[in-house]
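Close look at the chain arrangement
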Amino acid sequence: VQLQASGGGLVQPGGCLRLPCALSGTMLGIGDMGWYRQAPGKERELVAGVDTDDITNYANSVKGRFTISRDNGKQTVNLQMNSLEPEDTGVYYCYAVIVTIYSRSETYWGQGTLVTVSS
């Protein structure tokens, strides 16, 4: 199983970016999915998550600005980021809880994509 994140880049404050993350490989099912980020000098933090019932949760700092969505058919999880602020700068990692072919739940991570918000 692999997760491929993309969409990062340099954007001015107030701008927007969309981060797609695509799953590939053999699996029996997909559970929770989401995005973490790690800012320079800080610990990794949860940005947004979505469960199998499409119930979402967000970090307080991004509520009202970011939207997470999943497409089970396409095996993707996407993060739409609007009204970006310099504090949103960091490496963004997607994750997914996968039910493997051995019927075990394991968490897989994407490789990270850098988002820089700066004028």
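Look up: the structure comes first, before these words.
The rules behind these values
Residues numbered from 1 in each chain as written. Predicted model: local features only at pLDDT ≥ 70, side-chain atom pairs only at ≥ 80, totals over all residues. Heavy atoms only, no water. Buried < 20%, exposed > 50% of the residue type's maximum accessible area, 1.4 Å probe, protein only. Helix = DSSP H or I, 4+ residues; strand = E, 2+ residues; numbered from the N terminus. Pairing = 2+ DSSP bridges. Salt bridge = Lys/Arg side-chain N within 4 Å of Asp/Glu carboxyl O. Axes fitted to C-alpha atoms, helices over the stretch in contact; angles between N-to-C directions. Phe/Tyr/Trp six-rings, centres within 6.5 Å; stacked < 30°, edge-to-face > 60°. Lys NZ or Arg CZ within 6 Å of the ring centre and 35° of its normal.

Another aspect to go through is the pairing of strand E1 (residues 2-5). Side chains Leu3 and Ala5 project from E1 onto a buried face, and the interleaved Gln2 and Gln4 project onto a face without burial. Across four bridges, the pairing between E1 and strand E3 (residues 17-24) is antiparallel. Within E3, the position partnered with glutamine 2 by the bridge is serine 24.

Applying the stated criterion across every chain yields a total of five salt bridges. Note that glutamate 85 and arginine 65 form a salt bridge whose closest N and O atoms lie 3.8 Å from each other. Residue glutamate 85 is located in the loop between strand E8 (76-81) and strand E9 (90-99), and its partner arginine 65 is located in the loop between strand E6 (56-58) and strand E7 (66-71); the two are separated by 20 residues in the primary sequence. Here arginine 65 makes a salt bridge to aspartate 88, at a shortest N to O gap of 2.8 Å. Residue arginine 65 is found in the loop between E6 and E7, and its partner aspartate 88 is found in the loop between E8 and E9; the two are separated by 23 residues along the sequence. With respect to burial, arginine 65 and aspartate 88 carry one shared label: buried. Connected through salt bridges with shared partners, the residues Arg37, Glu45, Arg65, Glu85 and Asp88 form a single ionic network.

With respect to topology, four strands assemble into an open sheet ordered E1-E3-E8-E7, the strand pairing being antiparallel. Looking at strand neighbours, the two that pair on one side only are E1 and E7, the edges of this open sheet. When strand polarity is set aside, the average angle formed by the axes of neighbouring strands in this sheet is 15 degrees.

It is worth spelling out the packing of aromatic side chains at this point. Within the structure shown, the criterion is met by three aromatic pairs. Ring centres 5.3 Å apart and planes at 65 degrees place the aromatic pair tyrosine 36 and tryptophan 109 in the edge-to-face group. Highlighted residues: tyrosine 36 in strand E4 (residues 29-38) and tryptophan 109 in strand E10 (residues 105-109), separated in sequence by 73 residues. Classification of tyrosine 36 as partly exposed rests on a relative accessible area of 24%. Ring geometry for tyrosine 95 and tryptophan 109: centres 5.5 Å apart, planes at 45 degrees, overall tilted. With tyrosine 95 in strand E9 and tryptophan 109 in strand E10, this pair connects stretches of sequence that are 14 residues apart. Relative accessible area serves as the criterion here: at 12%, tyrosine 95 is assigned to the buried category. For tryptophan 109, a relative accessible area of 38% puts it in the partly exposed group. In textbook terms, an aromatic cluster arises when at least three aromatic residues are bridged by ring pairs, as seen for Tyr36, Tyr95 and Trp109. The ring of tyrosine 93 has arginine 44 sitting right over it, with the charged end atom 3.8 Å from the ring centre. Just above the ring of tryptophan 109 sits the side chain of arginine 44; from NZ or CZ to the centre is 5.0 Å.

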